[in-house]
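# Per-entry structural report
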Amino acid sequence: MLTVAVLGPLDLRLDGVRLEVPAGRTTEVLIRLALDAGHAVRAERLIEDLWAGRATPNVLQAKVSKLRRVLGDPGLVSGGPTGYTLHVDPSGVDALEVLRTAALPRPDTGLLTHFRGDELLPDAGDGEWLGPWRGRLAEARLRLTEAYAESRLDAGSSSSSELRELVAAHPLSENLWRQLITALYREGRQADALDAYRQARTRLADELGLDPGPALRDLERRILVQDAGLAAGNLPALTASMIGRDAELSEVVRLMSAARMVTVVGPAGVGKTRLAIEAARGAGGWFVRLETANDQTDVWRAVGETFSLPEANEPMVLERVRTLRALLVLDNCEQVAEPLAPIVERILTAAPGITVLATSQVPLTIEGETAYGLGPLPSDAAAELFRERANRHRRIGPDEDVDSVVRQLDGLPLAIELAAARAKALPVREIARRLDDRFTLLNDPNSRRPARRRTLRAAIEWSYDLLFPDDQRGLWALATFAGGAPLEAAERVLTALGVPSQAALDVLDRLVDRSLAIAEIGAAGARYRLLDSVRAYGRERIAQSGLSDAAAKAHATWYATMAADADPHGAGQANYVSFARTERADIDAAIAWSRTHDPHTALRIVNGFGWAWIFLGAGRDAARRARMVALSALAEPNAQDAHRPPGSEARKTPPTGNRQTRSAAVAADPEAGDVPTDERVDALLFAAWFEASGGDLERAFADVETARRIAPEPRTLLFLAFLHSQHGRPAAALEAIAEFRKSAQGWEAGAAALLAAWAYTGLGDTVRARAACDQAIGILTPLGDAWALSHAEALLGGLAQAEHRFADAVAHLGAAADAAHRLGFAAAESLHLANLGRAQQQNGTLLDALETLERAAVTAESVSDLRNVAYARTRRARVLRALGRLDEARADVAVARRCYDDLFARYLSAALTNDAPALHQVVADAREVSDHEVELLALDELAALEPDDTTAQELRAAADALLPAVAHLVTPDDRHPRT
């Protein structure tokens, strides 16, 4: 490579070997061609510049020939009589490299060493062509000098005396005056700084006739107001904006004004460093990176390097900071927290003007320290951050589901930014889908940042590797929980992983201190949870250890114990429901693991929390799970084959029939082994209730019949009566209840009385209904079953409806719905709201009814109670029809029929479309099942559609004949709904 140094005595080198060039014109030709490196210079221009036009082309050619001989390669200087080119890269010519670098926003001040002496281009002669070149180079040297002085000022290593010397050499440089004034101010010499400003103003006015520029004038103003931003520092420039942290930023700044030691504490990737930099920026700060430090020597050296003290030790650093008034930002302190603490204490003691702002995953536990916990971003800020970062790669459309991504990323800015970086190659929906393998996805291969800042795995691994072995097992234990761990449960799993029981609480405390676990302290006690990403990492590590099953077994056993101790129908009902709601994810996880590893435990959990799921609302998914758990328990030890009942090896084929029949055969198999009969029965009864809520009454009846074949225990009749009530068969319900009540006691007797009250109300026997309701309330009130009592209140409303006391009905049903809502019984609430809406319609407040029925449908949808969704939507359609809003009514009926296509929905659909054949079919179907209400309403519709007066009168007469049987259900307005 050819290099030409011209900023001092000529130095020509080829591949590092110095070449001697004849002095005089040959050297001048070389310099002139070098300054146009790689470009042709016309012969006329060379002769004009170097000989003032008084030489011939032959003279020029002779000098070029000498130059070629010096270079040893004629090809390095090409051309002929018309012009010549020196084939050298511009970066190999020091003058050109200086000019290029000086024009950069942050020039490399190391190029000042290229200037060897005061004279510029000393071997280039004295031609007029040199004037502009020397002027540009002088400006470049001044620019580099200013930049060098600026860098030393920023590093706190320059003094006002050094800057005075530079100002004396360059008295018209406003940048140097600005640096001098700033240095004086930072030394606490405000009056001297203002005096220096006056000197600069006078010098500029006398010699240039100019006033100081905007930068100098602004500096004077900032000095006068003592702007905190004038403080020194080396804070990194952040190219990206900080999003969603305004409140946190204000709080950290406030804390720094009140304390000399503030530590921002939080998990890996939460944005501690960015927040600290922004908090320090207002006052200026010295930023110390400690991620590579391991001991006190490393820490002293890192702090010293910040202040341009290479290989610094304790005395050197303390001497440097002793008189400083500054903010010291210590970043990534967690791995050196113990050796760092005494260092910080010594700095704070030796330098009264120093304030320390640290970032760490664990507090430093220094006396006087204020720890500020930084949590994840809220969802709206997380979505904004994702969009802002992703938009750097491509425009993210408003219809792209960003929330589906950020919901899975714990609000961690690092994870969100890594996910956003994938937007350049993946649609947002694909990013969301791939987050199941988040550690592969959340990795930016193009980033030049350290590994722990460009991959999520490395960030979490950094924290994990700092833990004690017991604490690592603590992370494994908490990772076993899907939705957070109650203290007692966490201790149980920790013990199963080999952590001594007396050490368990200390382990959890340390995980919280290190920001790896989050402690939630409430009235119910302490609860510990992990961010999803930390949990995913913990599950990987426990799987690698081979202890996943040990942890899962302890986890499932604890939930089975809690299920066995539950009080679903007494004073403990609220706690039972609250526990089931809070622990739903972990109960589900315990069942899922137990189904394949310990099916009997899964059965105990399902049965123990079955009533809770009824209270909270459960549908077909819960039914399927309860049934499969029952089958898994029955099929032990070969739980995977749910279609082949256990028993003799001679039985090689499963029972014939459809899947439902085969499952029932397995469940009812007398060779079911050691699984207790009552547990098998209970699981199927709960499955039946869940199926009924999900709209599949046929399957629900099949489950109850299967349970009765296993053991015709009395309580199976209670569930059978419930299914008859759901099917609109009050007489059949009363028959089952009558048999059940012979042996029912306590809560079961109260529940039977409630169902009897409903059945009597359905039959219009309000006297017996009231007696049964009073009996139910008398039994259930002392027990404290709030769920059942809310149904009793609703039954009082039903009685009022049957007696056409609609205002009373609205009051009772409203109270029942409010009680269910207050207690969190969503399924009951949706049912009571649907009945309330009907009562409001009957009471003449149709708009109130519309609003109530909409709430009923939405509430039922939230718990997948499809029958109640259909129930609410058909009743709402009935109100809409009465208001003349027929299109909306048809839409609601269509939704209802998709959820649960019962006879009333089919009637209403046919009525809204004037479909006479369909109405005739409804009449026939209603007669078959003795549904006189629907039969009457359909006959009324047919009469209204019938063009023949005689036939119409016959239809109305048939409807009138049915009225005595359903007068408690049908009002005059119901019989004349057409608008």
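All of these numbers come straight from a predicted model, not from anything done at the bench. (Residues numbered from 1 in each chain as written. Predicted model: local features only at pLDDT ≥ 70, side-chain atom pairs only at ≥ 80, totals over all residues. Heavy atoms only, no water.)

## Some points on the sheet that holds strand E4 (residues 41-42)
Put simply, the test is: DSSP calls a pair of strands paired once it identifies at least 2 bridges connecting them. Think of it this way: any DSSP run of H or I at least four residues long counts as a helix, any run of E at least two long counts as a strand, and we number them from the N terminus. By definition, residues are in contact when any of their heavy atoms lie within 4.5 Å. A fitted line through C-alpha atoms serves as each axis, taken over the contacting stretch for helices, and the angle formed by two N-to-C directions is quoted from 0 to 180°.
Strand order in this open sheet of three strands is E4-E6-E5, and the pairing throughout is antiparallel. Pairing within the sheet leaves two strands with one partner each, and these edge strands are E4 and strand E5 (77-80). As defined by bridge partners, E4 adjoins strand E6 (residues 83-86) across two bridges and the pair is classed as antiparallel. Bridge pairing in E6 links Val41 to Tyr84. Across the sheet, helix H3 (residues 57-71) is in contact with E5 and E6; its angle to E5 comes to roughly 155°.

## Considerations on the nonpolar core
Heads up, the condition is: Remark: nonpolar core denotes a set of buried residues (Ala, Val, Leu, Ile, Met, Phe, Trp, Tyr, Cys) joined through side-chain atoms within 4.5 Å. A simple rule labels every residue: compare its accessible area, found with a 1.4 Å probe on the protein chains alone, to the largest value its type can have, and call it buried under 20%, exposed over 50%, or partly exposed in between.
In this structure, Phe386, Trp611 and Trp787 are the most contacted members of the largest nonpolar core, which totals 175 residues. Of the residues forming this core, the biggest block, 11 residues, is contributed by helix H37 (residues 746-763). In contact with Phe386, not counting residues within four places along its chain, are Val402, Val405, Val406, Ile416, Ala419, Ala420, Val428 and Ile431. Core analysis: the next-biggest nonpolar cluster, separate from the first, contains 49 residues, Leu60, Leu67, Val70 and Leu111 among them.

## A word on the pairing of strand E13 (residues 518-522)
Direction of pairing for E13 relative to strand E14 (residues 525-529): antiparallel, over a ladder of five bridges. Bridge pairing links Ile521 to Ala526 in E14. In this antiparallel pair of consecutive strands, E13 and E14, the connection spans two residues.

## Comments concerning the packing of aromatic side chains
Selection rule: In summary, the pairing rule links any two rings of Phe, Tyr or Trp, Trp by its six-membered ring, whose centres are within 6.5 Å, and it sorts them by plane angle into stacked for under 30 degrees, edge-to-face for over 60 and tilted for everything else.
Evaluated as defined, the whole model comprises 22 aromatic pairs. A ring pair is formed by Trp286 and Phe307, whose centres lie 5.0 Å apart and whose planes are at 45°; its orientation type is tilted. Of the two residues, Trp286 is situated in strand E8 (residues 286-289) and Phe307 in the loop between helix H12 (296-306) and helix H13 (314-321); the sequence distance between them amounts to 21 residues. Residue classification places Phe307 among the buried positions, given a relative accessible area of 1%. When the centroid spacing of 6.1 Å and the interplanar angle of 35° are considered together, the rings of Trp611 and Phe615 count as tilted. With Trp611 and Phe615 both in helix H30 (residues 610-616) and four residues apart, this pair spans about one turn of that helix. A residue is classified by how much of its surface remains accessible, and Trp611, at 11% relative accessible area, is buried. In textbook terms, an aromatic cluster arises when at least three aromatic residues are bridged by ring pairs, as seen for Trp611, Trp613, Phe615, Phe686, Trp689, Phe690, Phe719, Phe722, Trp747, Trp787 and Phe825.

## Some words on the environment of Ala503
Locating Ala503 in the fold gives a position in the loop between helix H23 (487-496) and helix H24 (504-513). Remark: the alpha-carbon pair of Ala503 and Asp470, spanning 33 residues in sequence, is separated by 8.6 Å.

## Remarks on the UniProt feature "domain: OmpR/PhoB-type" (unreviewed entry) in the protein chain
Inclusion rule: UniProt positions are given in the numbering used here, feature names are shortened, and annotations may be inferred rather than shown by experiment.
Cross-referencing UniProt, the feature "domain: OmpR/PhoB-type" (unreviewed entry) maps to residues 16-86 in the present numbering. Across residues 16-86, the secondary structure splits into 48% helix and 18% strand, with the terminal C-alpha atoms separated by 18 Å.

## Quick word on the sheet that holds strand E12 (residues 485-486)
With respect to topology, three strands assemble into an open sheet ordered E12-E14-E13, the strand pairing being antiparallel. This sheet does not close on itself; its edge strands, each paired only once, are E12 and E13. Alignment of E12 against E14, held across two bridges, turns out to be antiparallel. Along E14, the bridge assignment pairs Pro486 with Arg527.

## A short note on the pattern of salt bridges
Here is the rule: In what follows, salt bridge is the name for a side-chain nitrogen of Lys or Arg lying within 4 Å of a carboxyl oxygen of Asp or Glu.
If you walk through the whole model with that rule in mind, you get 57 salt bridges. Here Arg301 and Asp298 are joined by a salt bridge, their closest N and O atoms 3.4 Å apart. Of this pair, Arg301 and Asp298 both sit in helix H12, three residues apart, roughly one helical turn. Since its relative accessible area comes to 26%, Arg301 is described here as partly exposed. A salt bridge links Glu583 to Arg527; the shortest N-O distance between them is 2.2 Å. Taken as a pair, Glu583 in the loop between helix H27 (573-582) and helix H28 (584-597) and Arg527 in strand E14 lie far apart in primary sequence, 56 residues in all. A network of salt bridges, in which partner residues are shared, links Glu854, Glu861, Arg873, Arg876 and Asp892.

## With respect to helix H7 (residues 174-186)
Counted only if it meets this: Expected span, for any helix, means 1.5 Å times one less than how many residues it has.
Compared with the 18 Å implied by 1.5 Å per residue over 13 residues, the 18 Å span of H7 between its first and last C-alpha is a close match. Burial in H7 covers these residues: Leu176, Trp177, Gln179, Leu180, Ile181, Thr182, Ala183, Leu184 and Tyr185. After H7 finishes, the residue Gly188 shows a positive phi value of roughly 85°.

## Some remarks on the environment of Pro122
With respect to the element layout, Pro122 can be found in the loop between helix H4 (94-102) and helix H5 (130-154). Residue classification places Pro122 among the partly exposed positions, given a relative accessible area of 23%. When the C-alpha atoms of Pro122 and Val356 are compared, they prove to be 52 Å apart, with 234 residues separating the residues in sequence. Beyond its immediate stretch of four places on either side in the chain, Pro122 contacts Val6, Leu7, Gly8 and Pro9.

## Description of a nonpolar patch on the surface
Let me state the cut-off plainly: Distance thresholds for patches are 9 Å for like charges and 5 Å for nonpolar side chains (Val, Leu, Ile, Met, Phe, Trp, Tyr), applied to residues having over 30% relative accessible area and no salt bridge. Each accessible area is a Shrake-Rupley result for a 1.4 Å probe, and residues are judged covered by the shown protein chains and nothing else.
Taken together, the side chains of Leu172, Leu208 and Leu210 define a hydrophobic patch exposed on the protein surface, amounting to about 250 Å² of accessible area. With respect to the helices and strands, Leu172 occurs in the loop between helix H6 (160-169) and H7. Taking relative accessible area as the criterion, Leu172 reaches 35% and is therefore assigned partly exposed.

## Side note on the side chain of Arg438
Counting through the fold element by element, Arg438 comes out in helix H19 (residues 438-441). The residues touching Arg438, leaving out its near neighbours within four places in the chain, are Gln408, Leu409, Asp410, Leu456, Asp532, Ser533 and Ala536.

## Re the environment of Val303
Position of Val303 among the secondary structure elements: in helix H12. The buried category is assigned to Val303, whose relative accessible area is 2%. Counting along the chain gives 25 residues from Val303 to Leu328, while the straight-line C-alpha distance between them is 9.0 Å.

## Thoughts on H12
Keep this limit in mind: Contacts described as polar in this section are N or O atom pairs within 3.5 Å, which, within protein, must combine one atom able to donate a hydrogen with one able to accept it, while residues neighboring in sequence count only if both atoms come from side chains.
What H12 keeps buried is the set Asp298, Val299, Trp300, Ala302, Val303, Gly304 and Thr306. The secondary structure elements touched by the buried residues of H12 are E8, H13 and helix H14 (337-350). Measuring from the side-chain oxygen of the N-cap residue of H12 to the backbone nitrogen of Thr297 gives 3.2 Å; that N-cap residue is Asp295. At the C-terminal side of H12, Ser308 shows a positive phi close to 60°.

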